[in-house]
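Descriptive analysis of the structure
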Amino acid sequence: PIQRASGEQPTAMIEAIKKMANRYNFIIIDATNESGIIREFETSGASGRYLADGLHPNTDGSIKMAKLYSNVILRNFMIN
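Let us look at the structure shown here. Small disclaimer: the values here were computed from a predicted structure and weren't measured. (Residues numbered from 1 in each chain as written. Predicted model: local features only at pLDDT ≥ 70, side-chain atom pairs only at ≥ 80, totals over all residues. Heavy atoms only, no water.)

What about the overall build of the protein?
Applied cut-off: Labels follow the DSSP assignment, with helices taken as runs of H or I lasting at least four residues and strands as runs of E lasting at least two, numbered in each case from the N terminus. Relative accessible area decides the class of each residue, using a 1.4 Å probe on protein chains only: under 20% of the type maximum gives buried, over 50% gives exposed, and in between gives partly exposed. In this description, contact between two residues means that some pair of their heavy atoms is separated by no more than 4.5 Å. We get accessible surface area from the Shrake-Rupley algorithm with a probe of 1.4 Å; when it comes to residues, only the shown protein chains can shield them. Note that His is not counted, nor are the chain ends; the positive residues are Lys and Arg, and the negative ones are Asp and Glu. One atom stands in for each charge, and that atom is NZ of Lys, CZ of Arg, CG of Asp or CD of Glu.
Per the secondary structure count, the protein includes three helices and zero strands. When the helices and strands of the protein are listed from N to C terminus, the series reads α-α-α. Each principal axis of the C-alpha atoms in the protein carries an extent, and together these give about 40 × 30 × 15 Å. Per-residue burial for the protein yields a buried fraction of 24% across its 80 residues. Contacts in the protein between residues at least 24 apart in sequence constitute 55% of all its contacts with a sequence separation of at least 6. Summing over all exposed atoms, the protein offers an accessible surface of approximately 5700 Å²; the carbon and sulfur share of this is 55%. Treating the 9 positive side-chain charges of the protein as one cloud and the 8 negative ones as another, the clouds have centres 6 Å apart.

Quick notes on the packing of aromatic side chains
The condition that has to hold: To pair, rings of Phe, Tyr and Trp, with the six-membered ring standing in for Trp, must have centres within 6.5 Å; the planes then decide the type, stacked if under 30 degrees apart, edge-to-face if over 60, and tilted in the middle. Counted as over-ring charges are cases with an Arg CZ or a Lys NZ within 6 Å of the ring centre that also lie within 35 degrees of the ring normal.
Under the definition given, this model contains one aromatic pair. Looking at arginine 49, its charged tip hangs above the ring of phenylalanine 41, at a distance of 3.7 Å from the centre. Lysine 64 extends its terminal NZ or CZ atom over the ring of tyrosine 50, reaching a point 5.1 Å from the ring centre.

Digging into unusual backbone geometry
One non-glycine residue, asparagine 25, lies in positive phi territory at about 60°. You can see asparagine 25 is positioned in the loop between α1 (11–24) and α2 (31–34). We classify asparagine 25 as exposed; its relative accessible area is 69%.

Quick notes on the side chain of threonine 32
Here is the rule: The term polar contact refers here to a pair of N or O atoms within 3.5 Å; inside protein, the definition further demands a hydrogen-donor-capable atom paired with an acceptor-capable atom, and it admits residues adjacent in sequence only when both atoms are side-chain atoms.
Locating threonine 32 in the fold gives a position in helix α2. A distance of 2.7 Å separates a polar side-chain atom of threonine 32 from the backbone oxygen of proline 1. What threonine 32 contacts, discounting residues up to four positions off in sequence, is Pro1, Ile2, Gln3, Gln9 and Ile37.

Printed below as a string of structure tokens:
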């Protein structure tokens, strides 16, 4: 899950994601901690720096997320 204004993600959900990723050999993209979206700059139910409503990315937030995802994909799948 991505960062959000309302607080920490539930530990059980994060652990379940990690468990399933490990089981199926998926790559974990830690959008909560690596996206550059910081909870303290966001507002629940209102527009913040990168989230339109405290949860969904605005245009700048979408760009940040796309850069994170593409960097992780390229780092893991580039053939030298």
